[in-house]
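Chain and residue survey
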Amino acid sequence: HLYFLSTTSNHDRTSRLESLKLGAGDTIITRSSLPKNSAGAKNNSKTQRNSKIGAMDPVTSEEDVPSNGQENDDGDDVDDDHLHGKSLIIPVTSSTNGNNYSPQKNGDGDATDATDLSSSSGLFIEIFPEEMPSYRPSTLSNVLRDERAPLSTWCDAGLLYARARREKEGCELLNAAVDDDGVMSGSNTGDRLRALASAGIAALAQAGRPVTAGGGGESAEGDDDGDKSSGLLERLLEATRSAERRDEEQREELRALADARFTKADNINQVNPMTWIGKGMLNLAQNRLDQARFFFDNLTLRECGEILPALMGMAAVKYAERDYEGARELYGRAISKYPSRSGAAARVGFGVACYRLGQVDRAKAAFRRARDVDPDNVEALVGTAILEMGSLDPDVLDPREYRARAERVVKMMSAAHAADHANASVQNHLANHYFWKWTPVPGTVRCERG
């Protein structure tokens, strides 16, 4: 979902934002996030060509899976996502002398960007990516309103929440923005379209996360001793079914919310690739594969070319249709064309498709490359651990090697559990490991009559 949230409606490469370098702290931010007369801002651009992920070449074995190399010299993978690893910058437009900002209109009747008004003091609020989880959406939305932050800053904040795996907070913040007429009316058409599509995609991202529901059922304390065991089991089963129903109802509400956001964006402009991508994701989540194919392939890929979200979406459609060869080809094309921005998810998808095709060595290598890109990627950790677990054979391996490899598997599963406590696959495999381990618990027991 991160790739879709960071996609703007304008895919022209000439519209990329130039970067500036602040004197103090050496923090890279974008021109659109700075007041023009911001203190300490310099006009020298910062070259942002750090390590990139290598392109996808044809593979014939584990070692032929593309390496995480450097970016091509032709710049095919110039990163449009200006917030990758960057701070959120909120220019301070409020003041103690009562000079508050009111949006200015351009010749077309659209409001100009709030950052066009320079703060007299040159002050701004900076929130680092690792700090985002500590900020409540309600608190951050109040700050954004007080400082008359442009709608694009709201979208950037939602993206940072998503990067921090805080889908719920990002959804809450973005929907607070689009529900605020004051925020929406003071923005141009492009920003309104991006905010609506982002709010819908954020709702889908939250719906895709596992929901940890509270316990249901009633206490069994009043049952007779003979009925306690069976009564407790029935209550637990009923509580589980009730929780599953609540989870599904919540997911349906989020999908309905996403559909409403996409419909509102269509009312503004029906020719918006970001809305097409969102609708494709919605139909994919509802297993309407023909409709998802229409938005990903017939509209986005045909009208905009091979942009990353459409390639990833079509790969997911192919996989859902059990066309694993087609899915692998599209994931590979996404990595070849966007070696950096395709990230760990494309490599995980490539690896899972390879596994379905019986190419276990390729799958292992792809998962390993995904972990190189994102060490905390849960799917890559689980995939690697499961394939390693399947290759453990105590009758073939030396006992010392067997214990060492088994320990690595458990460490990977533990790391995945630390990254995502609600992942059912991780919990199942860890439970299976500890069940068969039968580790003795030392202790002293004292029994008393009665």
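Quick caveat, the model's predicted, so the values are computed rather than measured.

**Some points on the overall build of the protein chain**
Looking only at helices and strands, one finds 16 helices and five strands in the protein chain. Per-residue burial for the protein chain yields a buried fraction of 42% across its 450 residues. For the protein chain, the accessible area works out to roughly 24000 Å², and carbon and sulfur atoms hold 47% of it.

**Examining helix α2 (residues 137-146)**
The α-helix winds at 3.6 residues per turn, so residues separated by three or four positions along the chain end up facing the same way. Regarding α2, the residues found buried are P137, L140, S141 and L144. Viewed along the axis of α2, the buried residues span an arc of 100°, placing them on a single side of the element. Summarising the contacts, the buried residues of α2 are in contact with β4 (88-91), β5 (124-127), α3 (151-163) and α4 (167-178).

**Considering the packing of helix α11 (residues 324-337) against helix α12 (residues 343-356)**
Think of two packed helices as two axes; the pair is described by the angle between the axes and how far apart they sit. Direction vectors running N to C along α11 and α12 enclose 155°, while the axes themselves pass 9 Å from each other. Judged on the interaxial angle alone, α12 and α11 are roughly antiparallel. As α11 packs across α12, the resulting crossing turns out to be left-handed. Listed contacts from α12 to Y324, A327, R328, Y331, G332 and I335 of α11 are A346, R347, G349, F350, A353, C354 and R356. For the contact of α11 with α12, the class distribution of residues is eight nonpolar, two polar and three charged.

**Observations concerning the side chain of S187**
Of note, S187 is situated in the loop between α5 (181-185) and α6 (189-207). For S187, a relative accessible area of 6% translates into the label buried. At 2.9 Å, the side chain of S187 forms a polar contact with the backbone oxygen of V183.

**What to know about the nonpolar core**
Among the nonpolar cores identified, the biggest contains 67 residues, and L140 and W154 are the most heavily contacted of them. A per-element tally of this core places α6 first, with 10 residues. Setting aside anything within four residues of it in sequence, one finds L140 in contact with I90, I127, M132, A157, Y161 and L173. By size, the runner-up hydrophobic cluster in this structure holds 12 residues, among which are V378, L381, L397 and V409.

**A short note on helix α10 (residues 308-320)**
Over its 13 residues, α10 extends 18 Å from the first C-alpha to the last, a length consistent with the 18 Å expected when each residue adds 1.5 Å. Most of α10 is tucked away, with 10 of its 13 residues classed as buried. Three or more residues of α10 are buried, namely L308, P309, A310, L311, M312, G313, M314, A315, V317 and K318. Just downstream of α10 lies R322, where phi reads positive at about 65°.

**Observations concerning a nonpolar patch on the surface**
Residues F435, W436 and W438 make up a contiguous nonpolar surface patch of about 460 Å² in total accessible area. Owing to a relative accessible area of 61%, W436 belongs among the exposed residues under this scheme.

**Remarks on the pattern of salt bridges**
Going through the model one piece at a time under the given rule, you end up with 18 salt bridges. As a salt-bridge pair, R245 and E238 come within 3.3 Å of each other at their nearest N and O atoms. Overall, the relative accessible area of 43% leaves R245 in the partly exposed class. In this structure E238 comes out as partly exposed when scored by relative accessible area, which is 37%. Of the charged contacts, one joins E448 and R446 as a salt bridge, the two residues approaching to 3.0 Å between their closest N and O atoms. Take E448 and R446: they sit in the same class, and that class is exposed.

**What about the packing of α12 against helix α13 (residues 360-373)?**
The interhelical angle for the contact between α12 and α13, taken along N-to-C directions, is 170°, at an axis separation of 8 Å. As judged from the angle between their axes, α12 and α13 are roughly antiparallel. For the pair formed by α12 and α13, the contact residues are G343, A344, R347, V348, F350, G351, V352, C354 and Y355 on the first element and V360, R362, A363, A366, F367, R369, A370 and V373 on the second.

**Thoughts on the packing of aromatic side chains**
Scanning all chains against the criterion turns up two aromatic pairs. Each ring, one from F294 and one from F295, has its centre 5.3 Å from the other, and the planes form 75°; the classification is edge-to-face.

**Observations concerning the confidence of the model for the protein chain**
Summary statistics for the protein chain give a mean pLDDT of 76 and a share of 70% for residues scoring 70 or more. Counting interchain partners and residues more than four positions distant, the pLDDT-below-50 stretch residues 213-223 has 12 contacts.

**Some points on the environment of D323**
By secondary structure assignment, the location of D323 is in the loop between α10 and α11. Taking the C-alpha atoms as reference points, D323 and L357, 34 residues apart in sequence, are found 9.8 Å from one another. A polar side-chain atom of D323 sits 3.0 Å from the main-chain amide nitrogen of G326.

Reading guide: rules and limits
Residues numbered from 1 in each chain as written. Predicted model: local features only at pLDDT ≥ 70, side-chain atom pairs only at ≥ 80, totals over all residues. Heavy atoms only, no water. Helix = DSSP H or I, 4+ residues; strand = E, 2+ residues; numbered from the N terminus. Buried < 20%, exposed > 50% of the residue type's maximum accessible area, 1.4 Å probe, protein only. Areas by Shrake-Rupley, 256 points an atom, 1.4 Å probe, with all protein chains shown as cover. Arc of directions from axis to C-beta. Contact = heavy atoms within 4.5 Å. Axes fitted to C-alpha atoms, helices over the stretch in contact; angles between N-to-C directions. Parallel < 35°, antiparallel > 145°, perpendicular 65-115°, else oblique. Left-handed = near helix turned anticlockwise from the far one by under 90°. Nonpolar A, V, L, I, M, F, W, Y, C, P; charged D, E, K, R; others polar. Polar contact = N/O pair within 3.5 Å; in protein donor to acceptor, adjacent residues only side chain to side chain. Core = buried A, V, L, I, M, F, W, Y, C linked by side-chain atoms within 4.5 Å. Expected span 1.5 Å × (residues − 1). Patch = residues over 30% accessible without salt bridge, like charges linked within 9 Å, V, L, I, M, F, W, Y side chains within 5 Å. Salt bridge = Lys/Arg side-chain N within 4 Å of Asp/Glu carboxyl O. Phe/Tyr/Trp six-rings, centres within 6.5 Å; stacked < 30°, edge-to-face > 60°. pLDDT = per-residue confidence, 0-100.

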